[in-house]
Amino acid sequence: MEKAIQYELQLASRMSRLGTETAFEVLNKARALERQGRSIIHLEIGEPDFDTPSNVVEAGVSALRKGWTHYGPSAGLPELRHAIAEYVSRTRGVKVSSEEVVVVPGGKPIIFFTMLSLIDEGDEVIYPNPGFPIYESMIHYVGGRAVPIQLREENDFSLDVNELTSRITDRTRLIIVNSPQNPTGGVLPRRDIELIANAIGDRNIMVLSDEIYSRLLFDGGQHFSIMSVPGMQERTILLDGFSKTYAMTGWRMGYGVMRSDLATHMTRLMTNSNSCTASFTQVAGIEAIRGDQSSVDRMRDEFQRRRDVFVAGLNKIKGFSCRMPRGAFYVFPNITRTGWKSKPLADALLEQAGVAALSGTSFGEFGEGYLRFSVANSLENLNEALNRLDGWTRKNL
Ligand SMILES: Cc1ncc(COP(=O)(O)O)c(C=O)c1O
């Protein structure tokens, strides 16, 4: 009998620098517990629990029937790029043309493509911490130097502009801002955004402005983009998309808006990686942007209602204290007074209380002392989660 050869997997060294998004791992763990018959309330994953609005679904189905099932241009369908250019021009008060828009499968590729096209080995990238974990992962992956800037609870998780200024060096190539923010729900006030632009001054530094939650502001808050600050448009890559605004996470569609010469290079990255974003999805995207917007407002109002209930409930639980987030659909309570570290607490709550949340450290080192809960779940489930958390803390603290 011939002996089967065992081939050792020889990974490229860059793979050791790639991070991940823990939400998907916790989701898998929670699902495994459910398969064992356990009841779990899912507050770990960052996606709207609503269905995609029916006008958008119908536009997608109709596009499939009409044969929008082929390759399209790498940068996106001209009509969708045009609709996005109009939308961004109107909402950010700048003049954007179709050539400055690149449509991609989700918001994430814009983070990836920004790093690939702008960051050389050793270039410094300033990014928020705690923050969306893909920023740090991608900076490391392309060999950049990750320079975290701590978002502090006492500043309402805004960005300390003095600290930012002190981190800018001759090697700084990119600054990432994200408002409304994942995981804290913090919103950068207009004044802070202007101060950030001021701190950058006339340096040739690009800004990746992640505005994927731009339509999820509470209490009547108005979104403000750094792209709108005079002089910043040329140096801003705006990331936005359909996932959170229109409950379209599984459709995979997002976009970047940037100077047209950079858009050409990002389009080349699209050609090399995806060819194009799915064509029928893009036809539905035109309906999402141009059609009835009432479902967007309804979803936002519902998230606000849930946020109010959940934050009030958390503040009654021993060891938890929680600020009122002003955007996105996350709450980020401080749990230091439980005496537990974030990761073991998140694990214990999943295994013993049946509540799936994320450790603050899933969002970087400065997330220690916090947990992230998504309120994209029904009020009934959120109330049940509060009961379970309360029961667990009474028993264990
Ligand atoms: C801050 C932030 N940026 C980008 C994304 C990526 O969104 P998409 O699912 O459209 O790729 C997310 C998703 O969770 C996010 O929270």
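For the structure, check the block above.
Numbering of residues starts from 1 in each chain and follows the order in which that chain's sequence is written. Totals for whole chains, interfaces and linings use every residue, but because this is a predicted model, local features are given only for residues with pLDDT of at least 70 and side-chain atom pairs only at 80 or more, for both listing and counting. Computation of side-chain values covers all heavy atoms of the structure but excludes hydrogens and water.

Mind showing me how you'd approach the site of the ligand here?
In the region of the ligand, 13 residues are neighbours, and Gly-107, Asp-210, Tyr-213, Ser-243 and Lys-244 sit closest. In the analysis that follows, any N or O atom pair within 3.5 Å is treated as a polar contact, provided that within protein one partner can donate a hydrogen and the other can accept it, and provided that, for residues neighboring in sequence, both atoms belong to side chains. A distance of 2.8 Å separates an oxygen atom of the ligand from a polar atom in the side chain of Asn-182. For the ligand, an oxygen atom lies 2.6 Å from a polar atom in the side chain of Ser-243. Here the open area of atoms and residues is found with the Shrake-Rupley method and a 1.4 Å probe, where only the protein chains shown may cover a residue. The fraction of the free accessible surface of the ligand (390 Å²) that becomes covered by protein chains is 94%. Any residue that is not Ala, Val, Leu, Ile, Met, Phe, Trp, Tyr, Cys, Pro, Asp, Glu, Lys or Arg is counted as polar, Gly included; the first ten are nonpolar and the last four charged. Of the residues contributing to the shell around the ligand, the split by class is four nonpolar, five polar and four charged. Whether a residue is near a molecule or strand depends on its heavy atoms: it is near if one of them lies within 4 Å of it.

So what exactly am I meant to see when it comes to the environment of Leu-33 here?
Labels follow the DSSP assignment, with helices taken as runs of H or I lasting at least four residues and strands as runs of E lasting at least two, numbered in each case from the N terminus. Looking at where Leu-33 falls in the secondary structure, it is placed in helix H1 (residues 22-35). Separated by 321 residues in the primary sequence, Leu-33 and Gly-354 place their C-alpha atoms 8.9 Å from one another. Whether two residues touch is decided by their heavy atoms; if any such pair falls within 4.5 Å, the residues are in contact. Those residues in contact with Leu-33, other than ones at most four positions away along the chain, are Arg-38, Ile-40, Leu-350 and Glu-351.

Explanation requested: the side chain of Thr-277 in the structure shown.
Within the fold, Thr-277 resides in the loop between helix H8 (260-273) and helix H9 (279-290). Each residue is placed in one exposure class: buried if its accessible area under a 1.4 Å probe, protein chains only, is under 20% of its type's maximum, exposed if it is over 50%, and partly exposed if it falls in between. Take Thr-277: its relative accessible area is 2%, and that puts it in the buried class. Not counting residues within four places of it along the chain, the set of residues in contact with Thr-277 comprises Val-103, Val-104, Pro-105, Arg-252, Met-253, Met-270 and Gln-282.

How should I be thinking about the side chain of Ser-342 in this particular structure?
Considering the arrangement of structural elements, one finds Ser-342 in helix H11 (residues 342-353). Judged by relative accessible area, which is 0%, Ser-342 ranks as buried. Setting aside residues no more than four positions away along its own chain, Ser-342 makes contact with Ile-335, Ser-359, Gly-360, Gly-367, Glu-368, Gly-369, Tyr-370 and Leu-371.

When you look at the pattern of salt bridges in this model, what are you seeing that I'm missing?
A side chain of one charge can pair with a side chain of the opposite charge when the charged atoms of the two come close. We define a salt bridge as a side-chain nitrogen of Lys or Arg found within 4 Å of a carboxyl oxygen belonging to Asp or Glu. Throughout the structure, instances matching the rule amount to 27 salt bridges. The residue Asp-123 makes a salt bridge to Arg-173 at a minimum N-O spacing of 3.7 Å. Residue Asp-123 is found in the loop between helix H4 (108-118) and strand S3 (124-129), and its partner Arg-173 is found in strand S5 (residues 172-178); the two are separated by 50 residues along the sequence. Three or more residues joined by partner-sharing salt bridges are found here, namely Lys-29, Lys-343, Asp-347 and Glu-351.

I would appreciate a short explanation of the packing of aromatic side chains in the present structure.
Centre-to-centre distance and the angle between the planes together describe a pair of aromatic rings. Aromatic pairs are defined between Phe, Tyr and Trp rings, using the six-membered ring for Trp, whenever the two ring centres lie within 6.5 Å; interplanar angles under 30 degrees are classed as stacked, those over 60 as edge-to-face, and all others as tilted. Under the definition given, this model contains 14 aromatic pairs. Each ring, one from Phe-112 and one from Tyr-141, has its centre 6.1 Å from the other, and the planes form 70 degrees; the classification is edge-to-face. With Phe-112 in helix H4 and Tyr-141 in helix H5 (residues 133-141), this pair connects stretches of sequence that are 29 residues apart. When the ring of Phe-132 is compared with that of Tyr-135, the centres are 5.7 Å apart and the planes differ by 80 degrees; the resulting orientation is edge-to-face. The class of Phe-132 is buried, set by a relative accessible area of 14%. When its relative accessible area of 0% is taken as the criterion, Tyr-135 is described as buried.

Looking at this model, I keep getting lost on the packing of helix H3 (residues 78-92) against H9. Mind explaining?
In a packed pair of helices, the relevant descriptors are the angle between the two axes and the axis-to-axis distance. Throughout, an axis means a line fitted to C-alpha atoms (over the contacting stretch in the case of helices), and angles, computed between N-to-C directions, take values from 0 to 180 degrees. Packing of H3 against H9 brings their axes to within 9 Å, and their N-to-C directions diverge by 25 degrees. Looking at the two axes, H3 sits roughly parallel to H9. Crossing geometry of H3 relative to H9 is assigned as left-handed. Seen from H3, the contacting residues are Glu-79, Leu-80, His-82, Ala-83, Ile-84, Glu-86 and Tyr-87; seen from H9, they are Gln-282, Gly-285, Ile-286, Ile-289 and Arg-290. Taken together, the residues that form the contact of H3 with H9 break down as six nonpolar, three polar and three charged. Note on terminology: angles under 35 degrees are roughly parallel, angles over 145 are roughly antiparallel, angles of 65 to 115 are roughly perpendicular, and the others are oblique. Each crossing gets its hand from how the near helix is turned against the far one by less than a right angle, where anticlockwise is left-handed and clockwise is right-handed.

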